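# Structure at a glance
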Amino acid sequence: MTSFVIRTPCSSANIGPGFDVIGLALSLHLELHVTVDSKPSSDLPLNCAITYEDQSKSTEQISLDPEVNLITRVALYLLRCHDQRAFPVETKVHIINPIPLGRGLGSSGTAVVAGVMLGNEVGKLGLSKERLLDYCLMIERHPDNVAASLFGGFVGTYLNELKPEDVARKEIPLSEVLPAPAGGIDTGFTPPEPPLGIGHYRKFNWAPEIKAIAIIPDFVVPTANARNVLPENYSRADVVFNLQRAALLPAALGTSPPDPDMIFLAMQDKVHQPYRKTLIPGLTEILQFMTPATQPGLLGICLSGAGPTILALATDRFTEIADRIIAQFATNNITCQWKLLEPAHAGTTVSPN
Ligand SMILES: Nc1ncnc2c1ncn2[C@@H]1O[C@H](COP(=O)(O)OP(=O)(O)OP(=O)(O)O)[C@@H](O)[C@H]1O
Ligand SMILES: N[C@@H](CCO)C(=O)O
C-alpha cells in the first residue's frame with residue numbers, strides 16, 4: 001500500500017483586464033489524500049472509492065461515483081487516453097475541499113488539475129506538467145485558471161495557434177472527452193488526446209507586500225452563465241482600453257513597493273465586468289466606490305474569475321476593506337464570507353503521506 005497527497009491551489013482569473021489570459025494561484029488548497037493498493041479490487045466500481053469532506057460551506061452535493069465526480073472523471077480521461085480502462089490499482093481518494101463552488105475561485109479548474117495529477121500518479125504515466133496542461137485544456141477551455149492551479153503564482157497564459165486538423169480535435173464536444181455515465185463511460189471508447197503543446201504560460205513577479213482579500217457572496221454564478229452574457233464582438237476602443245491595462249498589470253503588481261494608483265488603473269476592465277454586473281447585484285457600486293483614494297490600504301479591485309467573488313488587493317486594513325464590501329452586498333440582502341489569501345507560488349504538489 002502506498003499513499004500520497006495531491007495539493008492544488010484555487011485561483012482567481014482575469015485580475016481585471018486579463019480576460020481568459022491572466023491567473024493568480026491563491027493559498028486555499030484542494031487536497032486529495034490517495035491510497036493505492038497494488039491489486040485492483042473487484043468490489044469497487046472502476047477500482048476507485050471516493051470520500052468527500054466539504055470545508056467550503058457549499059450547498060451543492062458532490063458525487064462520490066467515480067464515473068460522475070469531476071476529479072475522478074478527469075483522471076479516467078487521462079488513463080483511457082493511455083489504454084487503462086479503470087484505475088489500475090485499488091484507489092481510495094479522500095477529497096478535502098475548502099474552495100467554494102461556482103463562486104469565481106476556480107473550483108472547477110482546481111478539480112480538473114487535481115484530476116490530471118491523480119491519473120498521472122496512479123497510472124504511472126510520468127507526464128510533465130506542461131503536457132498535463134494540454135489535457136486540462138480539453139476540459140476547461142480557457143487556460144487562466146488551470147495554468148495558475150497547476151504551476152502556481154501569478155501567470156500570463158496563451159494558446160498556440162493550432163493546425164486545422166488540431167482545431168478540429170480541440171473543438172470536440174466536451175461530452176466526448178468526458179462522456180456522461182449514461183453514455184457508458186466504459187464502453188471501450190478511446191477519448192481524443194489533446195494536440196501537443198496547446199497551452200503555455202509565463203510566470204510574473206508578485207510584490208510580496210500585496211495580499212488578496214476574497215469577498216465571497218453566498219450565491220453561485222456558474223461560469224457558463226457568466227460567459228453567456230458576454231458579447232460576441234467588442235468595439236476597438238474597448239479592446240485597446242483592455243490591452244493598455246493588461247500590458248501594465250504584470251509590472252504594476254510585480255513592483256515593490258506597490259504603487260496604488262498604477263495598480264488601480266491597471267486593474268480596470270471593459271471586456272467582461274460591465275456585462276456581468278447583471279448577474280451580481282452591487283458589483284457596479286463596489287467597483288466604483290472602493291478606490292485607493294477612498295480606502296487606505298487598497299491597491300485595486302476586480303471581479304474574481306466569472307464572479308460573484310470580489311478580489312481586493314491590499315497591503316493592510318484587510319478587515320476594514322472586507323467589511324465595506326460586505327456592507328454593500330448587504331444592501332442587496334446578500335451575505336458573504338471573506339478570506340485573506342496570498343499567492344500560492346508552488347502550484348500543484350504531490351507528496352508522500
Ligand atoms: N472539488 C470538486 N469536486 C467535484 N466537482 C467540482 C469540484 N469543484 C468544482 N466542481 C464542479 O465545478 C462546478 C463549478 O464550476 P464553475 O466553473 O461554474 O465555477 P468556478 O470554477 O468555481 O468559478 P470560476 O471558473 O469563475 O473561477 C461545480 O458546480 C461542480 O460541479
Ligand atoms: N476567464 C474565465 C475564468 C472563469 O473562471 C472567465 O472569466 O469566464
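The chain is annotated in an unreviewed UniProt entry as Homoserine kinase of Penicillium cinerascens. Its UniProt record gives the chain the following Pathway (unreviewed entry) comment, quoted word for word: "Amino-acid biosynthesis; L-threonine biosynthesis; L-threonine from L-aspartate: step 4/5."

Turning our attention to the site of ligand 1. Within the structure, ligand 1 sits among 19 residues, and Glu 60, Gly 106, Ser 107, Ser 108 and Thr 223 are positioned closest to it. In the model, an oxygen atom of ligand 1 is placed 3.0 Å from a nitrogen or oxygen of the Ala 306 main chain. Taken together, the elements giving at least two residues each to the shell around ligand 1 come down to helix H1 (70-81) and helix H2 (107-122). The biggest single contributor to the shell around ligand 1 is H2, with 3 residues. For the shell around ligand 1, the residue count by class is 9 nonpolar, 8 polar and 2 charged.

As a matter of local geometry, ligand 2 sits amid Ala 13, Asn 14, Phe 19, Asp 20, His 142, Asp 144, Asn 145, Thr 223, Arg 227, Arg 276, Gly 305 and Ala 306. At 2.7 Å, a side-chain N or O of Asp 144 approaches a nitrogen atom of ligand 2. Contact distances for ligand 2 include 2.8 Å between an oxygen atom and a side-chain N or O atom of Asn 145. Out of a free accessible area of 260 Å², ligand 2 has 97% covered by protein chains. Put simply, the parts of the chain that give the shell around ligand 2 at least two residues each are helix H4 (143-151) and helix H7 (223-228).

Our next topic: helix H3 (residues 129-139). Within H3, 9 of the 11 residues are buried, which leaves it mostly tucked inside the rest of the structure. Of all the residues in H3, the buried ones are Arg 131, Leu 132, Leu 133, Asp 134, Tyr 135, Cys 136, Leu 137, Met 138 and Ile 139.

Glancing now at the pairing of strand E2 (residues 22-37). The buried fraction of E2 amounts to 12 of the 16 residues, a majority that puts the element mostly inside the structure. Summarising the sheet, strand E1 (residues 2-13) and E2 pair through 12 bridges and their orientation is antiparallel. Along E2, the bridge assignment pairs Ile 6 with Leu 32. In this sheet, strand E5 (residues 154-159) lies alongside E2 in antiparallel orientation, the contact comprising 3 bridges. If you follow Gly 23 over to E5, its bridge partner there is Val 155.

The domain boundaries assigned to the chain delineate domain 1 (2-201) and domain 2 (205-341). Summarising the inter-unit geometry, the C-alpha centres of domain 1 and domain 2 are found 27 Å apart. Tallying the contact residues gives 23 residues for domain 1 and 38 residues for domain 2. Between domain 1 and domain 2, the buried area comes to about 2,300 Å², and carbon and sulfur atoms account for 65% of it.

The next point concerns the UniProt feature "domain: GHMP kinase C-terminal" (unreviewed entry) in the chain. The residues that UniProt annotates with the feature "domain: GHMP kinase C-terminal" (unreviewed entry) are residues 266-327. Secondary structure over residues 266-327 splits into 35% helix and 18% strand, and the C-alpha atoms at its two ends are 26 Å apart.

All right, on to the pattern of salt bridges then. The final tally for this structure, using the stated rule, is 7 salt bridges. The salt bridge partner of Arg 131 is Glu 193, with a shortest N-O separation of 3.8 Å. Here Glu 193 lies in the loop between helix H6 (174-177) and strand E6 (199-204) and Arg 131 lies in helix H3, a separation of 62 residues in the sequence. Residue Arg 131 is classed as buried on the basis of its relative accessible area of 14%. In this structure Glu 193 comes out as partly exposed when scored by relative accessible area, which is 32%.

How each quantity is defined
- Residues numbered from 1 in each chain as written.
- Chains lettered and ligands numbered in written order.
- Predicted model: local features only at pLDDT ≥ 70, side-chain atom pairs only at ≥ 80, totals over all residues.
- Heavy atoms only, no water.
- UniProt positions renumbered as here; feature names shortened; annotations may be inferred.
- Near = heavy atom within 4 Å.
- Polar contact = N/O pair within 3.5 Å; in protein donor to acceptor, adjacent residues only side chain to side chain.
- Helix = DSSP H or I, 4+ residues; strand = E, 2+ residues; numbered from the N terminus.
- Nonpolar A, V, L, I, M, F, W, Y, C, P; charged D, E, K, R; others polar.
- Areas by Shrake-Rupley, 256 points an atom, 1.4 Å probe, with all protein chains shown as cover.
- Buried < 20%, exposed > 50% of the residue type's maximum accessible area, 1.4 Å probe, protein only.
- Pairing = 2+ DSSP bridges.
- Domains from an automatic or database assignment.
- Contact = heavy atoms within 4.5 Å.
- Buried area = accessible area lost by both parts, 1.4 Å probe.
- Salt bridge = Lys/Arg side-chain N within 4 Å of Asp/Glu carboxyl O.

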